[in-house]
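Observations on the model geometry
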Amino acid sequence: MPPERTPENAKHIVIVGGGYVGMYTALRLQRKLRGELKRGEVAITVIDPQSYMTYQPFLPEAAAGNLEPRHVVAPLRKVLHRCRVRNGFVTRIDDARKCVTYCPAGSDGRIQQEIHYDFLVVAAGSVSRLLPIPGLSECGIGFKTVEEAIYLRNHVLRQLDIAASNEDEKVRRRALTFVFVGAGFAGVEALAELEDMARDALKWYPTLRAEDMRWVMVEATDRILPEVGPEMGTWTAEALRRRGIEIRTGTLLKSAENHHVVLSDGEEFDTGTLVWTAGVKAHPVVRRSDLPIDDKGRVIATAELTVEGTERVYAAGDNARVPDLTDTGDYCAPNAQHAVRQAKRLADNIVADYRGRPRKPYVHAYVGSVAGLGLHKGVANVYGVKLRGLLAWFMHRTYHLSRMPTANRKMRVTADWTLAFLFRREIVSLGELEHPREEFELASKGD
C-alpha cells in the first residue's frame, strides 16, 4: 500500500486519467520504481472520476450478456496497490505552476483541490463527439462505458417486452426498431452483438419473429469498419445484410426529435433505440490547460511522448497527437493497440528522465484489427492475413483476453465464456436499476 504521507523531497508523478494509458503507465511505473516507492523517494497519484479501468473491446460482449460487466473492468486501487488513487474530475492543468486542479468525488463541484507535481502524464482519453443534431442529446446514448453497455442490454430486452405486451402496431414497430449511427469498431460490434442477443432471446417471445425487428446502421462514409480494410469491410457489410440488418452508407442522421429519426436519404421512422458511436474527441480538460494543443483539441506530443515545449510533461492515447514514425507525416490512430504500447514507452521514458538516462521514441507498426460480430462470428485482418467467421471470432477473443489486465480478470472472463458455452444466455431485463428508488417512493405515498 502507498504511504499515508509522502516526504516533502519525494518526486511526485501525477497521472490524469485511469484508462488504458493512465492505468498501464502507473502499473509499469510501480514495477520499475518499486525501490524508490518503498523508500519514499517517489510518489504516484492517479486521478480519474471512476475507480476502475474499463476494457472497452469487451463492452459489446458485456452488453450481449456473454460477459459479466464487473469482469470487463479492472479496479484501480487493487491493481495499482503502490499508487494513490484520487476519484474526481480534473478541471484545470497549470503547467506554469506545476499544478493540477480537481473536484473530488462527492463534492458536486463545490470543492476544488490542487495537487502539485514534478512529472505529469496527460491521459484523460476521449469523450463522444456529438454533432448539433436536433433530438440527439435527448434521445441518444453512447457506447464508451460499462454503464452504457449495461443500460443498452436492459433497454433492448425491455423493448422486446414492450413489443410482446402491446397490440398497437405503431408501438410494436417503434420498440423493435434499433438505430446505430457510426460504423467503426464500437458501432458495428455493439450492433452485431446486441442483434445476436435479441435474435436468441426471441425463443422466449412466441408472439415476436426475427423479421419483426429492424436494425439499422447509419454511416456517413461509403464503407464500414475501415480498420480492417476495404475488402473485409465489404464482407462484413454483406454478412450483416444477410442477417437482415440495414447498412446505410453515405447517409447522415438529420434529426431525432421525439425518437423520430430523419435520414439524409429522405426516409423517416420512429425508433425506441438510438445509439451514437460516430467518433470521439479529446477530453475537454486538455483545452483547460496551458499545454500546446492542435486544431482537434489534442495535446501536441513528440515521438518520445513528451508534450512539445514542456519539461517532464507527457501525453499519449486519445487525447494526444503522437507522430507515427512508421508512416511519415501521419499520426497514431486513437485505438487501444497504440494506447497500451504507448503507455509502456511513456513509463519507461519517465524512468529514464528520473534516472538521467536518454529517452527512446515510440515506434510501433500497426499489426491489424479483429472484430466480433456476435457469437461464433467475426472478422480479422492481422499482418495482412484476412480471416472471417469462426476463426476470426476465436482470434478476437484470444487477442483481447491476452490484453486484459491481471490474471484475476483473465480467469473470470474465461469462466464467463465457459458458462456461456454450457448454458443459454440470460434474457432478464433489469431496467429498474436505472430507477432504484421508484418502488420505495411508491410505497411512501401510502394508500
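Structure's up top.
This structure is a prediction, so every number in the text was calculated from the model and none was measured.

**A look at the sheet that holds strand β7 (residues 113-116)**
Within a beta sheet, neighbouring strands are joined by backbone hydrogen bonds and run either parallel or antiparallel to one another. The strand order β7-β6-β5-β2-β1-β8-β19 describes an open sheet built from seven strands, whose pairing is mixed. Either end of the sheet is taken by a strand with one partner, and the two such strands are β7 and β19 (313-315). Between one strand axis and the next, the sheet turns through 35 degrees on average, direction left out of account. Sheet topology note: the strand β2 (residues 42-48)/strand β5 (residues 84-94) ladder contains four bridges and is parallel. Looking across to β5, one finds that Thr-45 is bridged to Arg-84.

**Structural notes on the side chain of Glu-195**
One can find Glu-195 in helix α8 (residues 185-201). Not counting the four nearest positions on each side in its chain, Glu-195 is found in contact with Trp-215, Arg-243 and Ile-245.

**Regarding the environment of His-259**
Relative to the elements of secondary structure, His-259 occurs in the loop between β13 (253-255) and β14 (260-263). Judged by its relative accessible area of 21%, His-259 is partly exposed. Remark: the alpha-carbon pair of His-259 and Tyr-205, spanning 54 residues in sequence, is separated by 25 Å. Non-local contacts of His-259, meaning those with residues more than four positions away in its chain, are made with Cys-139, Arg-174, Phe-269, Asp-270, Thr-271 and Gly-272.

**Observations concerning unusual backbone geometry**
It is generally the case that most residues other than glycine have a negative phi and that most peptide bonds are trans. Despite not being glycine, Leu-305 has its phi angle at roughly 70 degrees, a positive value. For Leu-305, the location among the structural elements is in the loop between β18 (299-300) and β19. When its relative accessible area of 0% is taken as the criterion, Leu-305 is described as buried. Phi is positive for Thr-406, which is not a glycine, with a value near 70 degrees.

**Notes on the side chain of Asp-95**
Within the element layout of this structure, Asp-95 appears in the loop between β5 and β6 (99-104). Setting aside residues no more than four positions away along its own chain, Asp-95 makes contact with Tyr-117, Asp-290, Leu-291, Thr-310 and Val-313.

**Observations concerning the pattern of salt bridges**
This structure, assessed with the given rule, holds 23 salt bridges. Between Arg-214 and Glu-267 there is a salt bridge, with the nearest N and O atoms lying 2.6 Å from each other. One end of the pair, Arg-214, is in strand β11 (residues 214-219); the other, Glu-267, is in the loop between β14 and β15 (268-270), and 53 residues separate them in sequence. The class for Glu-267 is partly exposed, based on a relative accessible area of 25%. Among the charged side chains, a network of salt bridges with common partners joins Arg-214, Glu-246, Arg-248, Asp-265 and Glu-267.

**Observations concerning the sheet that holds strand β22 (residues 378-382)**
One open sheet accounts for three strands, arranged β21-β22-β23; its pairing is antiparallel. Two strands in the sheet have a free side with no partner beyond their single neighbour: β21 (368-372) and β23 (385-388). Averaged over all neighbouring strand pairs, the angle between strand axes comes to 5 degrees, with direction disregarded. Bridge analysis of β22 against β23 gives four bridges, and the strand direction is antiparallel. Note on β23: the bridge partner recorded for Val-379 is Arg-388.

The rules behind the values
Residues numbered from 1 in each chain as written. Predicted model: local features only at pLDDT ≥ 70, side-chain atom pairs only at ≥ 80, totals over all residues. Heavy atoms only, no water. Pairing = 2+ DSSP bridges. Helix = DSSP H or I, 4+ residues; strand = E, 2+ residues; numbered from the N terminus. Axes fitted to C-alpha atoms, helices over the stretch in contact; angles between N-to-C directions. Contact = heavy atoms within 4.5 Å. Buried < 20%, exposed > 50% of the residue type's maximum accessible area, 1.4 Å probe, protein only. Salt bridge = Lys/Arg side-chain N within 4 Å of Asp/Glu carboxyl O.

By themselves these figures say nothing about function.
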